[in-house]
Amino acid sequence: MDQPAMTLLDPRDRSARGVAIEGDVTGRAAAAPATLLEESWRDFVFAEVWARPGLPRRARFLVALASAATCGLADTQLDDFVRGALTTEALTLVELREAALHLAVYSGWGNGGRLDRAVTRMSKEKGLAPAEVPPIRPAPWDPEERVAQGHAAFHKVMTFPPGPPSNPYLEGINNFVFGEMWRRPGLDERSRRWITLVGVCESGADIPIRSHIHAAMASGNCQPAEMLEFVLQYGTHAGWPKASRINGVVLDMIGKVENGLPWHG
Amino acid sequence: MDQPAMTLLDPRDRSARGVAIEGDVTGRAAAAPATLLEESWRDFVFAEVWARPGLPRRARFLVALASAATCGLADTQLDDFVRGALTTEALTLVELREAALHLAVYSGWGNGGRLDRAVTRMSKEKGLAPAEVPPIRPAPWDPEERVAQGHAAFHKVMTFPPGPPSNPYLEGINNFVFGEMWRRPGLDERSRRWITLVGVCESGADIPIRSHIHAAMASGNCQPAEMLEFVLQYGTHAGWPKASRINGVVLDMIGKVENGLPWHG
Amino acid sequence: MDQPAMTLLDPRDRSARGVAIEGDVTGRAAAAPATLLEESWRDFVFAEVWARPGLPRRARFLVALASAATCGLADTQLDDFVRGALTTEALTLVELREAALHLAVYSGWGNGGRLDRAVTRMSKEKGLAPAEVPPIRPAPWDPEERVAQGHAAFHKVMTFPPGPPSNPYLEGINNFVFGEMWRRPGLDERSRRWITLVGVCESGADIPIRSHIHAAMASGNCQPAEMLEFVLQYGTHAGWPKASRINGVVLDMIGKVENGLPWHG
């Protein structure tokens, strides 16, 4: 299944591979395509992108879920990826709930909510019990302790220390994003990276794009070859032009990380 | 209600504050959160963002409505903000109709339409009579007069004179955007700023972002501290990466306005 | 019908023109506007933008369809443009199916799917037989041949030769985007340009924006005056701030193409 698409020579082989992968990824039998566009899901997106080696299935699911929720895919398509992730056990219900909150932070609460509602629908379809997810912050806290925790989490995640939280935006970053959300145990740091990467790519904002692509590799969470595969997986949901920019930044940041340089170096 | 979130020490206090604010902002009783993401609306977005001082509730509603319509929130969430704005009398029905047209200009007619349809739904829910809004331009006009009116309105709004309307895009800017829309009486200039700011932030386009953030302050319509609060309020809908870029531009433009420099200075 | 909007003097004339054009463009009788925003569709978007000379109706439909699918217009509005394009025979069903695939590549498979589903709905409404569209690639192929075909198509479309496909993103560009999609016969190259242009404009990514705006003119597919009209047509769906940036790039690239310079020159 995981051989490069370049070895395909016959359109019937390509289609058969697409049908098989679509079944895994959506958790349902592939429907016969009714239009050219549906055919291209089978013969390109599933048969030639999802089939590639270099990025594990779990990571592809996280990229697909995050970008499906932000790039205008239909609810039924978002449902498909959630069903596929649950059915193949690539992600648990707890992880999906954490993924929705993480996406809210990096792509806005509206897009996070789209994913969360898809998780609710598929959870019901599969008859699952509600996820046992710990609350945002269960115990009383010392405000200074939260600031310190936020600083430490920022430093770990970004691989460089934060500036002082001197304005509302930076306070929110410190208190909630790093002081609470990134410290939650229900989803590992590597998985949070893929969601974060989709969020920064969709933002179009240069500093977050560069600093997070750098941090994903500098932290050791994501490998350079995986980052290049990420661009193609993301591009099918975001379109080639957005992916073009990200490909250039990934290549640039691979060089910096290899040479021990910071993202802005 | 309007004390900084930093003074909260107990999660029960935070949740109680979130429930109270959610009731105000949505015009309905807060529902018990069923998921982690819904919990984060209560315990972060409402309890720690909407609770902050520094930006009046009316401005927060305008930012929330504009960004909810453009950043992928569900129709029911857009309805909530419209209901809350009408119920608390933060905005009138006439103002909401003007806001939808203003949003169409700065975020496209599709997103303006999303807001307009939410206003229609909530207007019906509350049994309101149709808003008495004057037509786009009721009386016959002299084309040269419209051009002159557009120039004058551009100069007032942007705080610098326009170039000549020498191509189709600039003609449209002059004739309709400034010659008609910004001159309408049903919504004050300060309120139009918040909608404009969301539109330019979402565009990702550098010149509109910088020039409008500068003009919002140079005109006296918006204060520097309010602009910093705007970034956090906008960020909950747009996600942190987009807000990161805007925070940097706001800080830059505060310096320019304080020193009497133009946006490109 | 195709005289400049500047000659309008009376709001009743403007509204009457808007009603007439709305009927053509949507393939249904114009409804009386119920809100200010609906009035602005009639009195500005249809009466003053679609009425302009300088960009043929077929091109305006392609721009409208692509940007309606990506900029948050309601499904019913997307349906309107599809119905209008079919009813006026501006585009055939085959061309619309190709347009949806082309949009998927340049704006992501989600947005392409939105257009594709609208085409399916309107095809049913009009009782049309399914489009006879050739499959993605019907016959077995030699991988090296596909690479070579992709290189040649890239060179023709972009007007400069591609680099080597040395990473996953570039392989996807070469194999599918240029090696298969751009080579399909069902939609002419000029029409593919308008969809591509909307895709790159929405991406916000500098290199695709600049290189594709340049290539659209350097190839001879699109004329400079048409490109300036494109900005206004796109702006009504994308909002003025995004169009502002594109207007600047179009003016810049017109100068480069006139002087025989490359896009990055």
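Just so we're clear, the structure is a prediction, and the values are computed from it rather than from any experiment. (Residues numbered from 1 in each chain as written. Chains lettered and ligands numbered in written order. Predicted model: local features only at pLDDT ≥ 70, side-chain atom pairs only at ≥ 80, totals over all residues. Heavy atoms only, no water.)

Chemist: Explain the packing of helix α11 (residues 224-238) of chain A against helix α8 (residues 168-181) of chain C to me, and be specific about the residues and the numbers.
Modeler: For any two helices packed against each other, one specifies the crossing angle of their axes together with the interaxial distance. Following both chains from N to C, one finds α11(A) and α8(C) inclined at 35°, their axes separated by 7 Å at the closest point. Residue-level inspection shows A:Leu228, A:Glu229, A:Val231 and A:Leu232 of α11(A) in contact with α8(C), the latter providing C:Pro168, C:Tyr169 and C:Gly172. Tallied by class, residues from the contact of α11(A) with α8(C) come to five nonpolar, one polar and one charged. (Axes fitted to C-alpha atoms, helices over the stretch in contact; angles between N-to-C directions. Helix = DSSP H or I, 4+ residues; strand = E, 2+ residues; numbered from the N terminus. Contact = heavy atoms within 4.5 Å. Nonpolar A, V, L, I, M, F, W, Y, C, P; charged D, E, K, R; others polar.)

Chemist: Kindly report on the relation of the copies chain B and chain A, identifying the contributing residues and their values.
Modeler: After a rotation of 120° and a shift along the axis of 0.0 Å, chain B superposes on chain A with an RMSD of 0.0 Å. The symmetry that links the two subunits is that of a three-fold axis. In terms of C-alpha distance to the rotation axis, chain B has B:Gly204 as its closest residue, with the C-alpha 3.9 Å off the axis. (Least-squares fit on C-alpha atoms with pLDDT ≥ 70 in both.)

Chemist: Explain the interface of chain B and chain A to me, and be specific about the residues and the numbers.
Modeler: With 39 residues of chain B at the interface, the matching set in chain A holds 49 residues. Between chain B and chain A, roughly 3,300 Å² of surface is buried when both sides are summed, and carbon and sulfur atoms account for 66% of that area. Put simply, chain B and chain A have three salt bridges between them. Counting across the interface, chain B meets chain A through ten residue pairs in polar contact (both at pLDDT 80 or more). Secondary-structure elements contributing two or more residues to the side of chain B that touches chain A are α1 (11-26), α2 (36-50), α11 (224-238) and α12 (240-258) of chain B. By residue class, the composition of the side of chain B that touches chain A is 20 nonpolar, nine polar and ten charged. (Buried area = accessible area lost by both parts, 1.4 Å probe. Salt bridge = Lys/Arg side-chain N within 4 Å of Asp/Glu carboxyl O. Polar contact = N/O pair within 3.5 Å; in protein donor to acceptor, adjacent residues only side chain to side chain.)

Chemist: So, the nonpolar core: which residues are in play, and what are the values?
Modeler: In a soluble, globular protein the nonpolar side chains are often hidden away together inside. A:Trp109, B:Trp109 and C:Trp109 are the most contacted members of the largest nonpolar core, which has 252 residues in total. A:Trp109 has contacts with A:Leu101, A:Ala104, A:Phe176, B:Leu37, B:Ser40, B:Trp41, B:Phe44, B:Val45, B:Thr236, B:His237 and B:Trp240, leaving out every residue within four places of it along the chain. (Core = buried A, V, L, I, M, F, W, Y, C linked by side-chain atoms within 4.5 Å. Buried < 20%, exposed > 50% of the residue type's maximum accessible area, 1.4 Å probe, protein only.)

Chemist: Describe helix α9 (residues 189-203) of chain C, with residues and values.
Modeler: Residues and elements named next belong to chain C. Under the 1.5 Å per step criterion, the end-to-end length of α9 is 21 Å for 15 residues, consistent within 8% with the ideal 21 Å. Among the 15 residues that make up α9, 13 are buried, leaving the element largely enclosed by the rest of the structure. Directly after α9, the chain includes Gly204, whose backbone phi takes a positive value near 70°. (Expected span 1.5 Å × (residues − 1).)

Chemist: Go over the pattern of salt bridges with me, naming the residues and quoting the values.
Modeler: Summed over the entire model, instances satisfying the criterion amount to 84 salt bridges over all chains. Linking A:Arg210 and A:Asp252 is a salt bridge whose minimum nitrogen-to-oxygen distance equals 2.5 Å. Here the residue A:Arg210 occupies a position in helix α10 (residues 206-218), and A:Asp252 occupies one in helix α12 (residues 240-258), the gap between them amounting to 42 residues. Note on A:Arg210: relative accessible area 19%, which makes it buried. Through salt bridges with shared partners, a single network forms among A:Arg14, A:Glu48, C:Arg137, C:Arg146 and C:Glu180.

Chemist: Before we move on, can you summarise the interface of chain A and chain C with the specific residues and values?
Modeler: Facing 39 residues of chain A, the contacting portion of chain C comprises 49 residues. When the two sides are added together, the surface that chain A and chain C hide from each other amounts to roughly 3,300 Å², 66% of it contributed by carbon and sulfur. Where chain A meets chain C, there are three salt bridges. Put simply, C:Arg146 and A:Glu48 hold a salt bridge, and the shortest N to O gap is 2.8 Å. Linking chain A with chain C are ten residue pairs in polar contact (both at pLDDT 80 or more), by the criterion used here. Within the residue set of the side of chain A that touches chain C, elements represented by two or more residues are α1 (11-26), α2 (36-50), α11 and α12 of chain A. With ten residues, the single largest contributor to the side of chain A that touches chain C is α2(A).

Chemist: Run through the packing of aromatic side chains, naming residues and quoting values.
Modeler: Residues and elements named next belong to chain B. Using the criterion set out here, one finds 45 aromatic pairs over all chains in the structure. Measuring from ring centre to ring centre gives 5.6 Å for Trp41 and Phe46, while their planes differ by 35°; the resulting arrangement is tilted. Accessibility expressed as a relative area gives 9% for Trp41, which makes it buried. Each ring, one from Phe154 and one from Phe178, has its centre 4.9 Å from the other, and the planes form 65°; the classification is edge-to-face. (Phe/Tyr/Trp six-rings, centres within 6.5 Å; stacked < 30°, edge-to-face > 60°.)

Chemist: Please provide a residue-by-residue account of α12(A), values included.
Modeler: Residue and element names in this part refer to chain A. The end-to-end C-alpha distance of α12, which contains 19 residues, comes to 26 Å, matching closely the 27 Å that a straight helix rising 1.5 Å per residue would cover. When α12 is considered as a whole, its buried residues turn out to be Trp240, Pro241, Lys242, Ala243, Ser244, Ile246, Asn247, Val249, Val250, Met253, Ile254 and Lys256. Taken from the residues just after α12, Gly260 is the one with a positive phi, measuring 70°.

Chemist: Describe the UniProt feature "domain: Carboxymuconolactone decarboxylase-like" (unreviewed entry) in chain A, naming the residues involved and giving the relevant values.
Modeler: Summarizing the sequence annotation, UniProt attributes the feature "domain: Carboxymuconolactone decarboxylase-like" (unreviewed entry) to residues 39-110 of chain A in the numbering used throughout. Along residues 39-110 of chain A, the helical share is 78% and the strand share 0%, with 30 Å between the first and last C-alpha atoms. (UniProt positions renumbered as here; feature names shortened; annotations may be inferred.)

Chemist: Break down unusual backbone geometry for me, citing the residues and quoting the values.
Modeler: Generally, phi is negative for residues other than glycine and the peptide bonds are trans, each holding for most cases. At A:Thr159, a residue that is not glycine, the phi angle is positive and equals roughly 70°. Within the secondary structure layout, A:Thr159 lies in the loop between α7 (143-158) and α8 (168-181).

Chemist: Pulling in residues and values, what's your account of the side chain of B:Arg146?
Modeler: Tracing the chain through its elements places B:Arg146 in helix α7 (residues 143-158). Given the relative accessible area of 2%, B:Arg146 is considered buried. Of the polar contacts made by the side chain of B:Arg146, one reaches the side chain of B:Glu180; its length is 2.7 Å. In contact with B:Arg146, not counting residues within four places along its chain, are B:Arg137, B:Trp141, B:Asn174, B:Asn175, B:Gly179, B:Glu180, C:Arg14 and C:Glu48.

Chemist: How would you summarise the environment of A:Ile209 if you had to cite specific residues and measurements?
Modeler: By secondary structure assignment, the location of A:Ile209 is in helix α10. Note: C-alpha distance between A:Ile209 and A:Leu197 (twelve residues apart in sequence) is 7.6 Å.

Chemist: I'd like a description of the state of the cysteines, backed by residues and values.
Modeler: Residues and elements named next belong to chain A. Going through the model one piece at a time under the given rule, you end up with zero disulfides over all chains. Free of any disulfide, Cys222 has its nearest neighbouring cysteine sulfur in Cys201, separated by 12 Å. For Cys222, a relative accessible area of 1% translates into the label buried. (Disulfide = S-S within 2.5 Å.)

Chemist: Tell me about the environment of B:Val249, and please be specific about residues and values.
Modeler: All names here are of chain B. Assignment of secondary structure puts Val249 in helix α12. Along the chain, Val249 and Ile213 lie 36 residues apart, while their C-alpha atoms are 7.8 Å from each other. The residues touching Val249, leaving out its near neighbours within four places in the chain, are Ile209, Arg210 and Ile213.

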